[in-house]
Structure formats: C-alpha cells, structure tokens
Amino acid sequence: MTSQTQTKRFQLTSSNYHSIEANKDYMSVSQFKGFIECEAKEMAKLNGAYIEPQSNALLVGSYLHAAFENDEIFKVFQEENNKAIYKARGGKYSDFETADSMIETLKTDPFAMFAIEGEKEQIYTADLFGAAWKVKVDSIHHERRTFSDLKTTQDLHKRYWSVKYDGWVSFIEAWDYVLQMALYRRVIQENTGYTYSPYIVAVTKESPPNKAVVHFDESRFDFEYEYIEMKMERINEVKQRIKEPIRCEKCRYCRESRKIKDTIEVGDLIHE
C-alpha cells in the first residue's frame, strides 16, 4: 500500500500538503469547515490575501502528533519550534509541560497505544461530492482495517450546544470530528475497496489527563454525508468563482477588513 493515491495534477507530499496550491486543487475537511464558517475568509486564504495566525493550541496539537509519529520527527519538531516550546531561562512553557503529561498518559496506556498503531500521516485523495478531496490520516492499520485520529480536549464530558444537530453534543460532534471521520472513511474506501472502522483517541488537558478511545455507530455517518452533499454545491460554486463569497462579519478576517457602511439599530446587535 502506497501512502498516496493521486487523482489530480498537483502531486501531494507531506511538505506541500497544507500549501495554497494543494488547497486550490483539493477540498479538505478543514477547508470545508472554513467555507461553512466564512466563505470570504476561506477565499482570501486561497488567494493568498489572508494568512490565519497560528494559535498556540494548534502548535501544541502538532507537538502531540509529532510525539506519536516517531522519535526523529519529534526531535526535529522541537528543534524547529525551540523558541515557542522552551523558555529563555530553561524549561518548557506550561502548555507544553501539559502536553508532555498528555503524551505520557497515552504512552503508558496499552489500549490507547493499540488504537493508534499503524502507518502514520498517510495521504489519500478521492473524487467525492463534486470535488477532489485530500485527507491525511494520523494512523491507519490495513490488517485490522481501522484508522484513528488523535484529539485533545478540555474535558471528555463537557457539553456544547450545536445549531447543526439542534441539541447538546459532545466535543467530538461540536468540532465536526464525526464529519471528519465519515469523510476519511469514504476516501479510504475509494482507495482500498474496503470499509475501515474509525476511532478517536482523545486525551484531556486536565491534571492528570483523562483519556478515551471513541468508536462510532455507523448510522451517524449517513447524516454527515447528506450534510456534506447539501453544502458542497454552494462551496464548489464559490471556490470556482461562479458565485461571490459571503462575509460572516464575525471572524477575525471580517473584523480586520470590515468597513462600516451604515448604522444599525440597538436590537440588531444581538440578532446578527
């Protein structure tokens, strides 16, 4: 099994996977979510007109993933991000000390380590829902026909209100991880001819960290496929410049680029 299955002209590699060129040719789960949140911001990113600031949480997440890829990659990651990880007077910043605790929590749990066994950071592509998609799978085990993704969260059992699901949901639904696993499952199926079972290995930022290996009832995926299909017609039209992107007027990009054109009534402040 190769790590890549190319369906478009742009040749994806680990080094260019997140590039603007790759994102122009391919749809991804993060790009899909970006279009749902704000079409104008996502198009500005594709045009190179806006670079989203890297959050510390994203860097910590990358640190965690690198730790489970292999020792050499983890060492290189720490060297490349030395100033962000280490204090000038020695020792790591608190977020990375917490991350070390999370890493240790998972590495000392046999079942968690079993769940993330397999080939790491494998790239696959497939044509679905009128677009070419790219995915990068944290861990995939072809013999067991499973794949897994490592996720961090504040609290395993915290509830979030979801407009999409019209109810209280877990962090996995709130951050669209069900959608991510559903899409990855379809892309892997297109490449292998088999249906793989997805798992999320979750670890919390608490002290000490909590952890869980989460599976999915297959009935959850049907809703996600319908949701993606419903949204993709509009997204494809915007990405192909057939229709103008809509501004959300709430995200960082919209706040930075917004020009006041008129007044608003007091009541509109809580309804927009």
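Given the structure is predicted, the values throughout are model-derived calculations rather than measurements.

**Remarks on the overall build of the protein**
Phase 1: Check the secondary structure of the protein and you find twelve helices and seven strands.
Phase 2: Whereas a compact globule of 272 residues would reach a radius of gyration of roughly 19 Å, the protein reaches 20 Å, a difference of no more than 12%.
Phase 3: Overall size of the protein, expressed as C-alpha extent along the three principal axes, is 60 × 50 × 40 Å.
Phase 4: By the burial criterion, 44% of the 272 residues in the protein qualify as buried.
Phase 5: Within the protein, contacts between residues separated by at least 24 positions form 61% of all contacts whose residues are at least 6 apart in sequence.
Phase 6: Total accessible area computed for the protein in this model is approximately 15,700 Å², and 49% of it derives from carbon and sulfur atoms.
Phase 7: Of note, the protein has its 38 positive side-chain charges centred 4 Å away from the centre of its 44 negative side-chain charges.

**Describing the pattern of salt bridges**
Phase 1: The full count for this structure, using the stated rule, is 17 salt bridges.
Phase 2: Measuring nitrogen to oxygen at the nearest pair gives 3.1 Å for the salt bridge that ties R144 to E117. With a gap of 27 residues between them, R144 in the loop between β2 (131-141) and β3 (146-153) and E117 in the loop between α8 (110-115) and β1 (119-128) connect regions that are remote in the sequence.
Phase 3: Looking at R144, the relative accessible area reads 28%, which means it is partly exposed.
Phase 4: Classification of E117 by relative accessible area gives partly exposed; the value is 37%.
Phase 5: In this structure, D176 and K164 form a salt bridge, with 2.6 Å as the shortest nitrogen-oxygen distance. You can see D176 sitting in the loop between α9 (171-174) and α10 (177-192) and its partner K164 sitting in the loop between β4 (160-162) and β5 (167-169), a full twelve residues away along the chain.
Phase 6: Classification of D176 by relative accessible area gives buried; the value is 13%.
Phase 7: A cluster of three or more residues bridged by salt bridges with shared partners is formed by E37, K41, E42, K45 and E52.

**Overview of the nonpolar core**
Phase 1: One finds F32, W133, L183 and M232 to be the most contacted residues of the largest nonpolar core, which totals 41 residues.
Phase 2: Elements that contribute at least two residues to this core include exactly α2 (29-37), α3 (39-46), β1, β2, α9, α10, β6 (197-204) and α11 (219-239).
Phase 3: It is α10 that contributes the most residues to this core, nine residues altogether.
Phase 4: Of all hydrophobic cores here, the second largest spans 21 residues; its members include F96, A99, A112 and I116.

**Looking at the packing of α10 against α11**
Phase 1: Between α10 and α11, the shortest axis-to-axis distance is 9 Å and the interhelical angle comes to 85 degrees. Taken together, α10 and α11 sit at an angle that is classed as roughly perpendicular. When α10 is examined against α11, the residues V178, L179, M181, A182, L183, R185 and R186 are found in contact with a partner set consisting of R220, F221, E224, Y225, Y227 and I228.
Phase 2: Grouping the amino acids of the contact of α10 with α11 by side-chain chemistry returns nine nonpolar, no polar and four charged.

**Considering the side chain of T146**
Phase 1: Relative to the helices and strands, T146 is located in strand β3.
Phase 2: Residue classification places T146 among the buried positions, given a relative accessible area of 14%.
Phase 3: Once residues lying within four places of it in the same chain are set aside, the contact partners of T146 are I140, H141, Y196, S197 and Y199.

**Here's the deal with the packing of α2 against α3**
Phase 1: One way to put it is that α2 packs onto α3 with a least axis distance of 5 Å and a crossing angle of 135 degrees. By the angle class used here, α2 and α3 are oblique. On α3, the residues that touch Q31, G34, F35 and E37 of α2 are E39, K41, E42, M43 and L46.
Phase 2: For the contact of α2 with α3, a count of residues per class yields three nonpolar, two polar and four charged.

What counts and what doesn't
Residues numbered from 1 in each chain as written. Predicted model: local features only at pLDDT ≥ 70, side-chain atom pairs only at ≥ 80, totals over all residues. Heavy atoms only, no water. Helix = DSSP H or I, 4+ residues; strand = E, 2+ residues; numbered from the N terminus. Rg over C-alpha atoms; globule rule 2.2 N^0.38 Å. Buried < 20%, exposed > 50% of the residue type's maximum accessible area, 1.4 Å probe, protein only. Contact = heavy atoms within 4.5 Å. Areas by Shrake-Rupley, 256 points an atom, 1.4 Å probe, with all protein chains shown as cover. Lys, Arg positive; Asp, Glu negative; His and termini not counted. Charge placed at Lys NZ, Arg CZ, Asp CG, Glu CD. Salt bridge = Lys/Arg side-chain N within 4 Å of Asp/Glu carboxyl O. Core = buried A, V, L, I, M, F, W, Y, C linked by side-chain atoms within 4.5 Å. Axes fitted to C-alpha atoms, helices over the stretch in contact; angles between N-to-C directions. Parallel < 35°, antiparallel > 145°, perpendicular 65-115°, else oblique. Nonpolar A, V, L, I, M, F, W, Y, C, P; charged D, E, K, R; others polar.

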